[in-house]
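Analysis of the macromolecular model
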Amino acid sequence: NAGVTQTPKFRVLKTGQSMTLLCAQDMNHEYMYWYRQDPGMGLRLIHYSVGEGTTAKGEVPDGYNVSRLKKQNFLLGLESAAPSQTSVYFCASRWTPNTEAFFGQGTRLTVV
Amino acid sequence: GENVEQHPSTLSVQEGDSAVIKCTYSDSASNYFPWYKQELGKGPQLIIDIRSNVGEKKDQRIAVTLNKTAKHFSLHITETQPEDSAVYFCAASRSGNQFYFGTGTSLTVIP
């Protein structure tokens, strides 16, 4: 049972390039989340999804888009990367809003 | 939205001593308060959680207390060990979909 898997684990982008981060979970969870983690700022919610075909904005959604075409996958897109998007990105999933969230191993993204 | 504040940002204790991390929240409707441990290079993992109908919960050396009136909750680790060294995050959520985290506490247990 793999849990939550994020792809890729590391990536370096040039300013203006685009990329997609993939999150896959095999626990049949309805709720999925994308967070970014920056030093001294904890985990900040970017976007989330409450089920297949649904997405919603979190605290810091600007510059990101998401899609949930399949229940097990949640994609995070950067259309035009900026240095301010240099961060570690975590995906999480859970059964219901008030149960344990399971996190992936993270994606370290550097935008130069 | 919810605002979760966490203190201290860093904490060093001698092995065997206790460690206490405190969090406050702003939304009185929040009813679920988990604590996560993050080791270097890994994603956060749940270590204990508490719901608003409970004042205290304990799991071996780890305990969490909740004061709904004052809107604060605390993590207590007793008999600390070097493997407890990590970053700890508190979080708060209500019966909705968002999940707000504190800024983290870096705990170092000195052998």
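We now turn to the structure provided with this report. (Residues numbered from 1 in each chain as written. Chains lettered and ligands numbered in written order. Predicted model: local features only at pLDDT ≥ 70, side-chain atom pairs only at ≥ 80, totals over all residues. Heavy atoms only, no water.)

As for the interface of chain A and chain B
Each side of the interface is counted separately: chain A has 24 residues, and chain B has 22 residues. Carbon and sulfur atoms supply 52% of the area that chain A and chain B bury against each other, a total of about 1,800 Å² over both sides. Of all residues in chain A, A:Leu43, A:Asn98 and A:Phe103 bury the most surface against chain B, accounting for 30% of the area lost on that side. Elements with a contribution of two residues or more to the side of chain A that touches chain B: strand E4 (31–37), strand E5 (43–49) and strand E9 (87–94) of chain A. Examining the composition of the side of chain A that touches chain B, we find that four residues originate from one element, E4(A), more than from any other. (Contact = heavy atoms within 4.5 Å. Buried area = accessible area lost by both parts, 1.4 Å probe. Helix = DSSP H or I, 4+ residues; strand = E, 2+ residues; numbered from the N terminus.)

Brief notes about the sheet that holds strand E7 (residues 65–67) of chain A
The strands making up a sheet are joined through hydrogen bonds of the backbone, oriented either antiparallel or parallel. Residues and elements named next belong to chain A. With antiparallel pairing, four strands are arranged side by side in an open sheet as E1-E3-E8-E7. Strands with a single pairing partner mark the edges of an open sheet, and in this sheet they are strand E1 (4–7) and E7. Pairwise comparison of adjacent strand axes, ignoring direction, gives a mean angle of 20 degrees for this sheet. Bridge analysis of E1 against strand E3 (residues 19–25) gives four bridges, and the strand direction is antiparallel. Within E3, the residue paired with Gln-6 across the bridge is Cys-23. (Pairing = 2+ DSSP bridges. Axes fitted to C-alpha atoms, helices over the stretch in contact; angles between N-to-C directions.)

Some thoughts on the pattern of salt bridges
For the coordinates displayed, the defined rule picks out seven salt bridges over all chains. Between A:Arg36 and A:Asp38 there is a salt bridge, with its nearest N and O atoms 2.9 Å apart. When sorted by exposure, A:Arg36 lands in the same class as A:Asp38, which is buried. Close ionic contact of B:Arg61 with B:Asp84 constitutes a salt bridge, the shortest N to O distance being 2.9 Å. Here B:Arg61 is found in the loop between strand E6 (56–59) and strand E7 (62–67), whereas its partner B:Asp84 is found in the loop between strand E8 (72–77) and strand E9 (86–92), with 23 residues between them in sequence. (Salt bridge = Lys/Arg side-chain N within 4 Å of Asp/Glu carboxyl O. Buried < 20%, exposed > 50% of the residue type's maximum accessible area, 1.4 Å probe, protein only.)

Focus: the nonpolar core
By size, the foremost hydrophobic cluster in this structure holds 24 residues, and its most contacted members are B:Trp35, B:Phe73, B:Leu75 and B:Leu107. Of all the secondary-structure elements, those providing two or more residues to this core are strand E2 (10–14), strand E3 (19–25), strand E4 (32–38), strand E5 (45–51), E7, E8, E9 and strand E11 (105–110) of chain B. Leaving out residues up to four positions away in the same chain, B:Leu107 has contacts with B:Leu11, B:Val13, B:Ala19, B:Ile77, B:Asp84, B:Ser85, B:Ala86 and B:Tyr88. The next biggest cluster of nonpolar side chains, apart from the first, holds 19 residues, and it includes A:Cys23, A:Met27, A:Ala81 and A:Val111. (Core = buried A, V, L, I, M, F, W, Y, C linked by side-chain atoms within 4.5 Å.)

Examining the packing of aromatic side chains
For the structure on display, the rule yields 14 aromatic pairs over all chains. For the pair B:Tyr25 and B:Phe33, a centre-to-centre distance of 4.7 Å together with 45 degrees between the ring planes defines the contact as tilted. As far as burial versus exposure is concerned, B:Tyr25 and B:Phe33 are alike and both buried. An aromatic cluster of at least three residues, connected via ring pairs, comprises A:Tyr33, A:Tyr35, A:Tyr48, A:Phe90, A:Phe103, B:Tyr36, B:Phe89 and B:Phe101. (Phe/Tyr/Trp six-rings, centres within 6.5 Å; stacked < 30°, edge-to-face > 60°.)

A word on the sheet that holds strand E1 (residues 4–7) of chain B
All names here are of chain B. An order of E1-E3-E8-E7-E6 is seen for the five strands of this open sheet, with the pairing classed as antiparallel. Every other strand in the sheet has two partners, leaving E1 and E6 as the edge strands with one partner each. Between one strand axis and the next, the sheet turns through 15 degrees on average, direction left out of account.

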